[in-house]
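Below are the chains, spelled out letter by letter.
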Amino acid sequence: MTMNIEDDKMPGISEVLEAAAHSLEMRKSSSQSIARMHEHGGSLAPVQLEQRRMIHREESVRPQADAFREIRTRLLAMAGQQNFVTLVVAVSPRSGGSFVARNLAAAFAFDEAKTSLLIDCNVRYPSQHKAMGIEATRGGLTDLMDHPAIGVESILYHTGVPHLRLIPAGSARESGSEYFTSFRMRTVIDSLRSRYADRYLFLDGPAIKGAPDARILADLADFVVVVAGYGKDTPGAINQALTHFEPSKLAGVVFNQVQ
Ligand SMILES: Nc1ncnc2c1ncn2[C@@H]1O[C@H](COP(=O)(O)OP(=O)(O)O)[C@@H](O)[C@H]1O
Ligand SMILES: [Mg+2]
């Protein structure tokens, strides 16, 4: 593996994720249809989770699940006792930023004592509701920003993964930066975090390249996980991307291989 900002503290994550990428790739062909989930329809089976490119507890995806657990352990060690907000952003589009955000959130949800909340902050190109087979009929983040009266409870969606909820991006399609710089956004994030001490928040942001959103979102986060496309983003591009964030917030770089 070519680089990792704090290699000694995060042993092996990139290698394991690489293996994970290969393995998930092989499973792609098993079924093309993503079964729609009912809003309160209980837990998804492992095969349904794999269709959503998500880890689960069975042995077959153990290396992937372990890779995400390692990142979880590292974040928890950085944070101490309190729950926190983690921004996950890719260096360039289609490097797996949303994939990592979703699975990291799932890894936290696997811990019975924790819940996790994934917030799709890619306003222009939202993907999590589609990836997870959720009909976002009650709106999402930007709808709450535009119409606070709808209330945050109504935009929290069950995902089929126990302890994991999703806030979809919502119906606006302009730049996210206006929403993210607003006082209301900070209030919403703060109240979501402080409402339950065991709730961990994951912001899925757009790629660092080409938009200011990632940088703006970092102000709302305690930690930043940067996702680099393995063999795709050059060391120069990765270094450049890292300069956007406060070093104290940087949890690490995850190398992800999208086939
Ligand atoms: N390690 C991986 N294994 C299998 N599929 C992956 C992996 N990483 C990304 N993908 C898939 O590649 C596509 C692009 O990934 P995505 O997370 O949406 O990228 P980004 O958010 O960086 O634009 C998605 O369909 C995603 O499910
Ligand atoms: Mg994405």
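Labelled according to an unreviewed UniProt entry, the chain appears under the name Polysaccharide biosynthesis protein, originating from Dyella jiangningensis.

A. Structural detail: the pattern of salt bridges. Summed over all chains, the structure comprises eight salt bridges. Salt-bridge contacts for E112 lead to R57; the nearest nitrogen and oxygen are separated by 3.6 Å. In this pair, E112 is assigned in the loop between α4 (97-110) and β2 (115-120) and R57 in the loop between α2 (46-51) and α3 (62-79), connecting sequence segments 55 residues apart. Exposure remark for E112: the relative accessible area of 57% places this residue in the exposed category. Among the charged side chains, a salt-bridge network with shared partners connects E59, R62, D66 and R69.

B. Examining the side chain of D143 more closely. Along the chain, D143 falls in helix α6 (residues 141-146). Among buried charged residues, D143 stands out as having no salt bridge; its nearest opposite-charge side chain is R173, 7.6 Å away. There is a polar contact of 2.4 Å between the side chain of D143 and the side chain of S171. With near-sequence residues (within four places) excluded, D143 lies in contact with I150, G170 and S171.

C. Layout of the site of ligand 1. Around ligand 1 sit 15 residues, and of these R94, G97, S98, F99 and N256 come closest. R94 places a polar main-chain atom, nitrogen or oxygen, 2.8 Å from an oxygen atom of ligand 1. For ligand 1, an oxygen atom lies 2.9 Å from a polar atom in the backbone of S98. Taken together, the elements giving at least two residues each to the shell around ligand 1 come down to α1 (13-27) and α4. If you tally residues by element for the shell around ligand 1, the top one is α4, at four residues. Among the residues making up the shell around ligand 1, the classes are represented as six nonpolar, six polar and three charged.

D. Geometry of the pairing of strand β5 (residues 199-204). Burial runs high along β5: six of the six residues are buried. Burial along β5 is two-sided: the face carrying R199, L201 and L203 and the face carrying Y200, F202 and D204 are both buried. As paired elements, strand β1 (residues 85-90) and β5 share four bridges and run parallel to each other. Looking at the pairing, T86 lines up with F202 of β5. Pairing of β2 with β5 involves six bridges; the strand directions are parallel. Within the sheet, the bridge partner assigned to D120 lies in β5 and is D204.

Cut-off values and rules
Residues numbered from 1 in each chain as written. Chains lettered and ligands numbered in written order. Predicted model: local features only at pLDDT ≥ 70, side-chain atom pairs only at ≥ 80, totals over all residues. Heavy atoms only, no water. Salt bridge = Lys/Arg side-chain N within 4 Å of Asp/Glu carboxyl O. Helix = DSSP H or I, 4+ residues; strand = E, 2+ residues; numbered from the N terminus. Buried < 20%, exposed > 50% of the residue type's maximum accessible area, 1.4 Å probe, protein only. Lys, Arg positive; Asp, Glu negative; His and termini not counted. Polar contact = N/O pair within 3.5 Å; in protein donor to acceptor, adjacent residues only side chain to side chain. Contact = heavy atoms within 4.5 Å. Near = heavy atom within 4 Å. Nonpolar A, V, L, I, M, F, W, Y, C, P; charged D, E, K, R; others polar. Pairing = 2+ DSSP bridges.

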